[in-house]
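# Examining the three-dimensional arrangement
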Amino acid sequence: MKDKVKKIAFFMLLLLAFAVLTGSAAGYRRAQAAEAGTAQAESTPAPSPEPTPAPKALVRPVLIDYDTLWLVAEPNGNQKVFYTDKEKSGWTEAVKADNGKFYIDISWVKSTGETTLLLKGDVCEDIVKVTMPAKFTKLKAKFVKADGTIAITGAPEGTTTFQWRKATSYEWHTENISDATKAGSAFLQEIEKMRISGASLYLRLPPVQGKPAADGTLEKGVRPSKEVKVSIAKRSSAPKVKVDIAKLTVNTKKTMEYSYDGGVTWKQAEDKMQLSALAPGVLGQGSKNMKIAFRTAATSKNGYSKTMYLTIPAQQAAPVVGPVSGADVVYSTDGEKFYMTFAKATKDTKYEYTVVKAGNTLDPLKASWKAVSSSKRVSVSAKTAPAGSIIYVRRKGTNETSKLPLTLPSAMTAISVKYTKTAN
Amino acid sequence: MKQKRCILVGVFLFLCVGMAALLPGRRADAASPSLSVVEIDYDKETVTVATHAGDTKLFYSDGKMKNWECAYGGFSAGQYVLDISWVSKSREYTLMLKGDKSETPVSVVLPKQQSNFKVKYDCLKEKLEFTNAGTGLIFWRKSDSTTWNAFGTAAALQKPTIDIFKRLYAKGATLCFRTGQVKGTASSPGLRPSKEVKLKIAKQASAPKVSVNTVKLTVSTTDKMEYQLNGTGEWKACTKDGLKLSELAAAAFSKNGSTGKDVTVSIRTAATEKKLASAVQHITVKAQETVPGNVGFSFKSCSSMIITIPEEKDADGNVTDKAASKNNPYEYTVVKEGETLKDDASWTAITSAELVLKEEKAPKGSTVYVRKKSIYSSNGIYRLCSLATSWQVPEYPEETKAVLADGETASAGLDEDGKVALVKTADSKPSGLVFRLVISKLFDTDIDKLTCGGTELEFTSEKTENVVLVTITSTEKYEAALKTRDKAYPIKITLKNGETLSNAVTLKVLGRSSVSKGAVFDVYRSTGSETEHSFVVIPGKMLDKAQDGSHLTANIVSISLLDQTVVHQAVTDSDGNWKVTIRSDNLQSFFQNEKMELDKEYPLTITMSSGETLKDSIKLRFSREAAITGAPIIFVKKVGSDLEESLGFEITCKKSGVYVSTVTWNGINIMGNCTVNSGKIFVELDYRQLNALTLTSGEKEVSYPVIVTLSDGGLIEEGLNLVLQQ
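Residues numbered from 1 in each chain as written. Chains lettered and ligands numbered in written order. Predicted model: local features only at pLDDT ≥ 70, side-chain atom pairs only at ≥ 80, totals over all residues. Heavy atoms only, no water.

## Notes on the overall build of chain B
- A count of helical and extended segments in chain B gives five helices and 63 strands.
- A burial count over chain B gives 42% of its 726 residues as buried.
- In chain B, the share of contacts with a sequence separation of at least 24, taken over all contacts with a separation of at least 6, comes to 60%.
- When the accessible surface of chain B is totalled, it reaches about 39100 Å², and 49% of it is carbon and sulfur. (Helix = DSSP H or I, 4+ residues; strand = E, 2+ residues; numbered from the N terminus. Buried < 20%, exposed > 50% of the residue type's maximum accessible area, 1.4 Å probe, protein only. Contact = heavy atoms within 4.5 Å. Areas by Shrake-Rupley, 256 points an atom, 1.4 Å probe, with all protein chains shown as cover.)

## Some remarks on the packing of aromatic side chains
- The full count for this structure, using the stated rule, is 29 aromatic pairs over all chains.
- Note on Trp 70 of chain A and Tyr 103 of chain A: the rings are 6.4 Å apart at their centroids and 90° apart in plane angle, and the pair reads as edge-to-face. One end of the pair, Trp 70 of chain A, is in strand β2 (residues 70–74); the other, Tyr 103 of chain A, is in strand β5 (residues 102–105), with 33 residues separating them in the sequence.
- With relative accessibility at 11%, the residue Trp 70 of chain A sits in the buried group.
- Between Phe 130 of chain B and Phe 151 of chain B, the aromatic rings sit 6.0 Å apart at their centres with planes inclined by 45°, giving tilted as the arrangement. Of this pair, Phe 130 of chain B sits in strand β9 (residues 127–131) while Phe 151 of chain B sits in strand β11 (residues 149–151), and the two are 21 residues apart along the sequence. (Phe/Tyr/Trp six-rings, centres within 6.5 Å; stacked < 30°, edge-to-face > 60°.)

## Focus on the side chain of Thr 161 of chain B
Residue and element names in this part refer to chain B.
- Considering the arrangement of structural elements, one finds Thr 161 in helix α2 (residues 155–166).
- Given the relative accessible area of 5%, Thr 161 is considered buried.
- With residues near it in sequence (within four places) discarded, Thr 161 still touches Trp 140 and Phe 151.

## Quick notes on the pattern of salt bridges
- One pass over the structure, following the stated rule, counts 46 salt bridges over all chains.
- In this structure, Arg 394 of chain A engages Glu 352 of chain A in a salt bridge whose closest nitrogen and oxygen atoms are separated by 2.6 Å. Of this pair, Arg 394 of chain A sits in strand β25 (residues 390–395) while Glu 352 of chain A sits in strand β22 (residues 351–356); the two residues are 42 residues apart in sequence, bridging distant segments of the chain.
- For Arg 394 of chain A, a relative accessible area of 3% puts it in the buried group.
- The class of Glu 352 of chain A is buried, set by a relative accessible area of 3%.
- Notably, a salt bridge pairs Glu 479 of chain B with Lys 424 of chain B, separated by 2.3 Å at the nearest N-O pair. Note that Glu 479 of chain B is positioned in helix α4 (residues 476–481) and Lys 424 of chain B in strand β34 (residues 420–424), a separation of 55 residues in sequence.
- One network of salt bridges, with partners in common, ties together Glu 126, Lys 159, Asp 163 and Lys 166 of chain B. (Salt bridge = Lys/Arg side-chain N within 4 Å of Asp/Glu carboxyl O.)

## A closer look at the environment of Leu 408 of chain A
All names here are of chain A.
- Along the chain, Leu 408 falls in the loop between β25 and β26 (413–416).
- Leu 408 sits in the buried class, given a relative accessible area of 1%.
- With 95 residues separating them in the primary sequence, Leu 408 and Pro 313 have C-alpha atoms 6.6 Å apart.
- Residues contacting Leu 408, with those up to four places away along its chain left out, are Val 243, Leu 248, Leu 275, Val 282, Leu 283, Ile 312, Pro 313, Gln 315, Gln 316 and Gly 397.

## Digging into the nonpolar core
- If you look at the biggest cluster of nonpolar residues, it comprises 47 residues, and the most contacted ones within it are Met 305 and Ile 307 of chain B.
- By residue number, the principal contributor to this core is strand β40 (residues 500–509) of chain B, which donates five residues. (Core = buried A, V, L, I, M, F, W, Y, C linked by side-chain atoms within 4.5 Å.)

## Let's talk about the environment of Leu 69 of chain A
- One can find Leu 69 of chain A in the loop between β1 (60–65) and β2.
- Residue Leu 69 of chain A is classed as buried on the basis of its relative accessible area of 4%.
- Here the alpha-carbon distance between Leu 69 of chain A and Trp 108 of chain A, two residues 39 residues apart in the chain, equals 9.1 Å.
- Sequence-distant contacts of Leu 69 of chain A, that is, excluding residues within four places in its chain, are made with Ile 104, Asp 105, Ile 106, Ser 107 and Arg 223 of chain A together with Lys 142, Asp 144 and Ser 145 of chain B.

## Let's talk about the interface of chain A and chain B
- Each partner contributes residues to the interface: chain A has 38 residues there, and chain B has 36 residues.
- Carbon and sulfur atoms supply 52% of the area that chain A and chain B bury against each other, a total of about 3200 Å² over both sides.
- Run the count over chain A and chain B and you get three salt bridges.
- Note that Lys 142 of chain B and Asp 105 of chain A form a salt bridge whose closest N and O atoms lie 2.7 Å from each other. (Buried area = accessible area lost by both parts, 1.4 Å probe.)

## A closer look at helix α2 (residues 186–197) of chain A
- Those residues of α2 of chain A that sit buried are Phe 187, Leu 188, Ile 191, Glu 192, Met 194, Arg 195, Ile 196 and Ser 197 of chain A.
- The first or second residue beyond α2 of chain A is Gly 198 of chain A, which carries a positive phi of 80°.

## Structural notes on the side chain of Ser 61 of chain B
Residue and element names in this part refer to chain B.
- Tracing the sequence through the fold places Ser 61 in strand β3 (residues 58–61).
- Classification of Ser 61 by relative accessible area gives buried; the value is 2%.
- A polar contact of 3.5 Å, which involves the side chain of Ser 61, links it to the side chain of Asp 62.
- A distance of 2.7 Å separates a polar side-chain atom of Ser 61 from the backbone oxygen of Asn 67.
- Non-local contacts of Ser 61, meaning those with residues more than four positions away in its chain, are made with Lys 66, Asn 67, Trp 68, Tyr 93, Thr 94, Leu 95 and Met 96. (Polar contact = N/O pair within 3.5 Å; in protein donor to acceptor, adjacent residues only side chain to side chain.)

## Considering the sheet that holds strand β10 (residues 138–142) of chain B
All names here are of chain B.
- Spatial strand order, β11-β10-β12-β13: four strands in an open sheet with antiparallel pairing. Looking at the sheet topology across the chains shown, the edges are occupied by β11 and β13 (197–201). Sheet twist, expressed as the mean angle between neighbouring strand axes with direction ignored, is 30°.
- Relative to β13, strand β12 (residues 173–179) runs antiparallel, the two sharing five bridges. Bridge pairing links Ala 173 to Ile 201 in β13. (Pairing = 2+ DSSP bridges. Axes fitted to C-alpha atoms, helices over the stretch in contact; angles between N-to-C directions.)

This is the structure:
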């Protein structure tokens, strides 16, 4: 019972507190209102002067959007808005949007000349003129192959920006007009990307919306200019640089250039460079793969070609010539012929050898190598390889295919030819 | 028990995890590709590739992988955005990608662009219908715009777009549509936006031309049209019978004292599936106006009333009511006494600020109703006929009367019928031709003109209240055309309000004086001739009357010629006419009148006591019967120088049997011989008489004419001069 009484009392207190608080708040608000009222009463306004006649409720054009081709007008007290390009032809009633404004399509208005639309309301029939300029049609643009820039001409004086889009895209990008010829600009970098596969672009001078000026009149704005198509020509194909796996040369030409640093710096190539000059790092001991970029150098009329990257694998170590366990090649002779067995030779892993007679030196560019594609013993006659000759053996290199990468021929092992009988 | 449960659950979980780990394609140790596609954006025409192996260069090729292109530049922040605008959309394209380190190519199959997307616009339902639209958003743009707008294909989602399309109806437009892209990802190549399709929204037809019958309150329509009330609600089909505005626009009419409201009826040619609804013709039926406040009724004359509908302005000069006119017509109808105005009453248009109705049309007791007429303007505003004001026509005013101005006078009196009878003498200035017009006070008018016999009479008038004093000032034109005199003819009095009085006043012009037969009399220069010339003057009538009431006739007051009185004798004959005689000897003094020229006719001016003047009937011609042949002749005689022969000259005479009586010079007879031969008279100046002529003392020369007197009194006073010299 006591608890119940306590609870009721507490609840009543809460109610009381709430009432006091809300009452004082209301009182405060009333006091505020009273103050305001008092303030109002104390400062009796002077009798208002003669009302000036209300300005005419002219229809108010507020925007010309040349991208979406709408002219937007505010009714300014009118219930209806009418428009026409020729009063004699009659007036067309504009459709009111949910936001109370009138959106007048201007896609039918010819852009070849300056046109004036007339607007009026139903309440105020005074005509308001909206002038739309002609589309600028003298813009020209051309891709300059030699330096990868875009020459833009014919733009009106004072033009600072232009827009471009891919022919298959509707997204416009705005650039400074100076960037079209500024080497290294972000725009030209984009163009460079397109020089690989080629592209078509459209250029235009950007539109400027017609908006109210400070004095309330509507500025004409500027239509986007006529679009000009610019074809970004593909760079010429990259030279097909191949390694002659027999001669260890590359089919370079003087018109080419090559780069070790991925295209940052370039050197002029020579005709048919030897690997030893072009990529010595791939040969011999401590050889490593080398990636070399090649391209046809730029001329006064054309830019450089696409780049071909040639990865030249490091040359494999020379084959082991027996008799040792695991040797690649063992040899023997019966006094009349010289026999060699390439134990590891297969169709896929070929070996080759060349004979250099005594007194001659091996000319890698002219040597004729004979391939060995099986472990079947091969013989070389004494006539072909007389005693004292040196037979060079190596793993045969492979040209790059879709399945197999390029492999250089391995380093060579020299075998001196002797016809002293040995056991096979 | 609990423990057992836990163990079972644990085992179950373990098995699940284990199985998951062993499921193919979910090997924990499977390696992620080193290159992966982040995004394919078919709007931007780009493929964004990410490297997970630190590639610096990106290579790409087609599915055959024979030629690898090295993309310009390199990966940046592990990504490369590759342009794919060069990839043909007309077929699927396999794009192979690898890096300088990620040598295992990754393939991306770029889909073919869908080209079977179609769009149609149902103009009737105002709905877009798509074929092969897929499930995503549709995009549209104006053909000359590069800005795409997205919307969903469901009917509810189309509404905002359709609302936008409605803005294009008036001028038509060409739009392009396509389905939206689905961006490609690592796991899906996505979808290209479809091939664009064009949709032409043909310009809507002009609003149909409808005719409005303002009497029947109907609008002509066809069954291909539809209408809408007050710009809201559904459009309803019209029929060939037309629209009855009396029903549709009933709210515009005043009813039981409450004013109506404007009602707008919009009419258009209904849409079909392929054709948009036409533009709308709005007919705004304005709320019926109350009784016009600028209509006035009054009498115009004693037999006509006038309805006035002038322009009214307020105190500030603003027009509150326009005057009735062609553009602002009113109308009236007259309801006979005892009848009421019916709905089908026939109304007549009033197109000017005043309309006169004759008594026959609006008799006393009838009620004239006037209201603003229904009009339909070319701008679609229909003004209903207003409520009507009315006037019950009271008694028409008394007829205008003509009365004597100053009581009976010689010129103005009343005839036996009580009419004002005006009388004047012929060809005299009107005098006393005065009368008054008494006009009803119920209307205001004044005299406009007086005509008699079709000829206007000049007059002056002076109006005081409703009485006009009319004074005829000239009857010259009338009298010039008048054929019969001494007869009273009615004067037609026309008032400015159009009223005429044709039988209230008469005018009689009395007979005029005249010469019975005109003549030209020759008067010769003579001495003592008593030739007489006679003529008859028929006297005109005078205003004065004899005792029997007949008008007295005029006397001859004077006869003059060249401002000189002509002596005459006048005697009345049996007909009461004046026989006038003039003698030559009384006319000789005219030969001295400087204004007189010989052989020229001069009319006599006969002034009658009636004030008339007779001229041009009787003329006199002064001439000489004889003259000296070869005149002028001058003879010179020196005193002392004697002539031995007489000087001779010849006289030509008009008369025969005439001879020379005397020849004198300065009163001195100097006549010599005189012979007559073939009408010519030869006269000699006697030389002896000439030799006897002398000069007075101190005179050196004198010259006088030789005066010849003829036997019939004729005189020759000029033509021959004799000069006497010292």
